[in-house]
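# Observations on the model geometry
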Amino acid sequence: MMELKIQLIPTGEIILSPGKNGENHCHNCKVVASDGVRAMMESALTARDRVGVQDFVLLENYTSEAAFIENLRKRFKENLIYTYIGSVLVSVNPYKDLEIYTKNHMERYRGVNFYEVSPHIYAVADNSYRSMRTEGKDQCILISGESGAGKTEASKKILQYYAVTCPASEQVQTVKDRLLQSNPVLEAFGNAKTLRNDNSSRFGKYMDIQFDFKGAPVGGHIINYLLEKSRVVHQNHGERNFHIFYQLIEGGEEDLLRHLGLERNPQQYQYLIKGNCPKVSSINDRSDWKVVRKALTVIGFSENEVEELLNIIASVLHLGNVQYGGEDSNACITSDIQIKYLARLLGVNVSVLTEALTHKKIIAKGEELMSPLNLEQASSARDALAKAVYGRTFTWLVNKINASLTYTMMKWCLLYAGTFLFLYITNAFFNYSVIGLLDIYGFEVFQHNSFEQFCINYCNEKLQQLFIELTLKSEQDEYEAEGITWEPVQYFNNKIICDLVEEKFKGIISILDEECLRPGDASDLTFLEKLEDTVGGHAHFVTHKLADAKTRKVMGRDEFRLLHYAGEVNYNVNGFLDKNNDLLFRNLKEVMCMSENKILTQCFNREELSDKKRPDTAATQFKASLAKLMEILMSKEPSYVRCIKPNDSKQSGRFDEVLIRHQVKYLGLMENLRVRRAGFAYRRRYEVFLQRYKSLCPGTWPNWDGKLSDGVSTLVKHLGYKPEEYKMGRSKIFIRFPKTLFATEDALETRKHSLATKLQAGWKGYSQKCKYQKLRNSAIAVQAWWRGILARRRAQRRRQAANTIRRFIKGFIYRHKERCPENEYFLDYVRYSFLMNLCKNLPKNVLDKSWPTPPAALTEASEHLRKMCMQNMVWSYCKKISPEWKHQMEQKMIASEIFKDKKDNYPQSVPKLFVSTRLDGENINPKVVQALGSEKMKYAVPVTKYDRRGYKPRPRQLLLTANSAVIAEEGKLKQRIDYGALKGISVSSLSDGVFVLHVPSEDNKQKGDVVLQSDHVIETLTKIAICADKINTININQGSIKFTMGQGKEGIIDFTPGSELLVAKAKNGHLSVTAPRLNSR
């Protein structure tokens, strides 16, 4: 399902980023489309006043340089460093890191049409890659610009893009790694710090990336151009030598430096102090050294090769420290230590090397003579050897990298020409495609321009010529393919300047070679004179002698001026002949050929010594290599990247208009724009144009079902296009003026508001409908699923119930038989029912004797369970009893044993607790307590004593001690009865409280038995029985009790039941006790 989100917040930049669900985002119009719909780059035109236009072709005033630079300024201010001129990419160095080179950004540009996204180096790389894959034609990307403009970084970004986005395998990954790792190696050996750039490429580089039929990078090849060898021996103030020297000194291990004879101080080496700039804050030589060492390993350098390579680098430093002395006409070496180190590192004999550095070999009439060198010649020979060794080693290094990038199963054909190496690839069995990267110096104009600037600007003239030809050809081919009449374009054809430089016998290079080869005293000034004689009448050539008075004021007598396509440049001829000759004495070549260093033996071929032909000059070699480069580029479909640096101070955010105008001129960007705008400023395929603008016409909105060309015609007529403003091709519409496109885009921007409202309304309705349908379907599915579950549960319960009933009935039938399968369920159920009923109806306490009736099979088990239950309740009850309660229970047990079922008022005493005493300390006379002495009183109770004579009642206190029972009256102890002398205790069975304490009649201390009455008779007698241990001596009588009255007389107490308690003396002389009956027996 497609998701659509629209917000009208233009930023001027189109960035297609994947969303959470893999959809594409247009951050300009905020369109997100998961089905791959992409926003067009025309969307950014709505913000053109703020961020400029993304294509200079759309500038209304395209002939104005000021308008061109102002558009650059707007975009630079918004960190939009890329802008198109048609298919040409203009890049401004931001001098800071921008978050536009991530893997996500690579994916945004992968497989996207060129104009569907904002300008970017990835768009150029992807367009070349897709053209190579779809059209089967080799491609090349030409990167040019001043030093510090970002050419090297641009080539790195292209390589990184291919490394990430192209198909990969284990073998392909190795090639990718080597392609990427070749950059730090070449930068270390070929780049240096200059006044304009801390990492300036001091050589031109063309790299072929080879792709197999799957589109995977499988190989590569590099060609280098015009290495600035003079930097090895001399640097301008504020500049450095090549990076590798400083990296080796700063990052090399101590053992390595000791082996090479180097010190960790660049100030010790003459070749490193000329620029007086050994260290740069933006360069970390130690860290870069680690990167280079790792890169050499990845590329495939063996340890021996690395060692020999570093020996050569160190030998160059030692060579610079070789000092000469002696007479002016006969130089000699004064630094013996340096020459020994140098000979060891180069692998040559010390004496042979010493002689070669102080003499030159002359062949006269077939004889070889050794001529001594003066101090100046010796120094020049030393510097020439250093340049030759370093230059050829650099060429070997490039060749070694090429070997590591070789596409396997290929046939290679090598051609070596002087200091340049060309590689032609023939492949009769396996097809592959190529994308070339040309990272080469841009047009250079300095205050002092020499031979190097002459070659560089000649190269740019050739590239400009190629660019104009290919651009016009591309335009013409597109017009012809679309059936649009081609109108000839007037432009400056710089072929006349190229011919001035390279024409045979008449060109500047030919004249320079001729002057270098002719015998006699040839000099730079004689070369200048010959130029004046030969090409002095050329419209694009001026010298001080040929110039008018005004021009002579700004030209030196040793200068000549060329009127290049990009402007006028003055060249100083001093050093032209020496740099063009680039000669190395024969005996120095012979010494190098004898070297034991395998790299040097490959760099200095012995065939050179036997070849009597004079080697080509540097200019001729460069001309030949440039011609080969033109052939390579002409055979490929080119793309262009023009790099601009915004300021000389390398500051981010600073826009130097004067410097940029200078580069715009020398890069030929205005000429490029003028050629591109000679016809129509804007063109798009019908389907793309109609898809974008169809909403502006009722006849084409929302869909057009007819021919695309008819739909576009209907659309432009509705928009009011004039005939001179556009042309209809076979598959594209061509719009001549940018203002026509701007008006259309503005109309679309206005239309977006109403479209957005309609789209949002339609989308919301559609999404809500889909949401409702989804919820409804989900509810139906859940309901059906739940009903099914409930039905299955009910059916299962019915089946289980039926089975249970069947088993129960069968078991009931067989219930009286032995246990068998038919009745086991029933019997188990009966047992289970009994146990569950028992669990619910267990006795609540020890007095509860209830117990469910068990089935016959569980009678024995039930009895065991009942006993266990009772024991458990008793145990639990006893566990809860306190010591006080236990003592109370023991007394109650004794009372029960004595009085239960014997005395009428016993049941009423059971629920009443026995107390420890019925009299407290206040109720007992202190004299009584004093009389008791140490005896501890255990129980005291008020009683009534009946006299022996007349049975008169008298209040007394009965005190129980450990040994005796004491009867007290106020402060007197009336009678003490020892427990040992107590014969027994008598009490009636009625509810009265009268009891008799029987004592021995023969005891003189006692006056006879004691008749007492207590309101707490059960408690009192139980206490006496416990204290006297006379439990079994208590007699419960019915009817009457006999007791001894003293002097051998007996008394009788008659007990009769009545309605109330009455104690009195009867007429018969007995004590009559009437008591009510409380319990029936």
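All of these numbers come straight from a predicted model, not from anything done at the bench.

One can find leucine 1062 in strand β35 (residues 1062-1065). The spacing of leucine 1062 and threonine 1074 is twelve residues in sequence and 5.0 Å in space, taken between C-alpha atoms. Ignoring anything within four residues of it in the chain, the contact list for leucine 1062 reads Ser1072, Val1073 and Thr1074.

When the UniProt feature table is mapped onto this chain numbering, "binding site: ATP" (unreviewed entry) sits at Gly145, Glu146, Ser147, Gly148, Ala149, Gly150, Lys151 and Thr152. Mapping glycine 150 onto the fold places it in the loop between β6 (139-145) and α5 (151-165). In this view, glycine 150 contacts Asn93 and Cys643; residues no more than four positions away in its chain are not counted. Tracing the backbone shows lysine 151 in helix α5. Lysine 151 sits in the buried class, given a relative accessible area of 10%. Among all residues touching lysine 151, those that are not within four sequence positions of it are Ile143, Ser144, Gly145, Glu146, Asp439, Ile440, Tyr441 and Cys643.

Turning our attention to the sheet that holds strand β29 (residues 984-988). Hydrogen bonds between backbone groups are what pair the strands of a sheet, and the pairing can be parallel or antiparallel. The sheet built from eight strands is open, its strands ordered β28-β27-β26-β25-β31-β30-β29-β32 with mixed pairing. Bordering the open sheet on either side are β28 (972-978) and β32 (1034-1037), each of which pairs with just one other strand. On average, each strand axis in the sheet is tilted by 30° relative to the strand beside it, whichever way the strands run. Summarising the sheet, strand β27 (residues 964-969) and β28 pair through six bridges and their orientation is antiparallel. Bridge pairing in β28 places glutamate 969 opposite lysine 972.

Bringing the packing of helix α7 (residues 243-251) against helix α9 (residues 285-299) into the picture now. Two elements in contact, α7 and α9, have axes whose closest approach is 8 Å; the angle formed by their N-to-C orientations is 100°. In this view, α7 runs roughly perpendicular relative to α9, as classed from their interaxial angle. Where α7 approaches α9, its residues Ile244, Tyr246, Gln247, Leu248, Glu250 and Gly251 are matched on the opposing element by Asp285, Arg286, Asp288, Trp289 and Val292. Its residues assigned to classes, the contact of α7 with α9 comprises five nonpolar, two polar and four charged.

Before going further, it helps to spend a moment on the pattern of salt bridges. Here the structure, examined in full by the defined rule, presents 36 salt bridges. Lysine 137 is paired through a salt bridge with glutamate 637; the nearest N and O atoms lie 3.2 Å apart. With lysine 137 in the loop between α4 (121-135) and β6 and glutamate 637 in strand β21 (residues 637-644), this residue pair connects regions lying 500 residues apart in the sequence. Note that arginine 661 and glutamate 657 form a salt bridge whose closest N and O atoms lie 2.7 Å from each other. Here the residue arginine 661 and the residue glutamate 657 both occupy positions in helix α24 (residues 657-666), the gap between them amounting to four residues, near one helical turn. When its relative accessible area of 29% is taken as the criterion, glutamate 657 is described as partly exposed. Each of Glu65, Glu70, Arg73, Glu657 and Arg661 takes part in a single network of salt bridges with overlapping partners.

So, how was this worked out
- Residues numbered from 1 in each chain as written.
- Predicted model: local features only at pLDDT ≥ 70, side-chain atom pairs only at ≥ 80, totals over all residues.
- Heavy atoms only, no water.
- Helix = DSSP H or I, 4+ residues; strand = E, 2+ residues; numbered from the N terminus.
- Contact = heavy atoms within 4.5 Å.
- UniProt positions renumbered as here; feature names shortened; annotations may be inferred.
- Buried < 20%, exposed > 50% of the residue type's maximum accessible area, 1.4 Å probe, protein only.
- Pairing = 2+ DSSP bridges.
- Axes fitted to C-alpha atoms, helices over the stretch in contact; angles between N-to-C directions.
- Parallel < 35°, antiparallel > 145°, perpendicular 65-115°, else oblique.
- Nonpolar A, V, L, I, M, F, W, Y, C, P; charged D, E, K, R; others polar.
- Salt bridge = Lys/Arg side-chain N within 4 Å of Asp/Glu carboxyl O.

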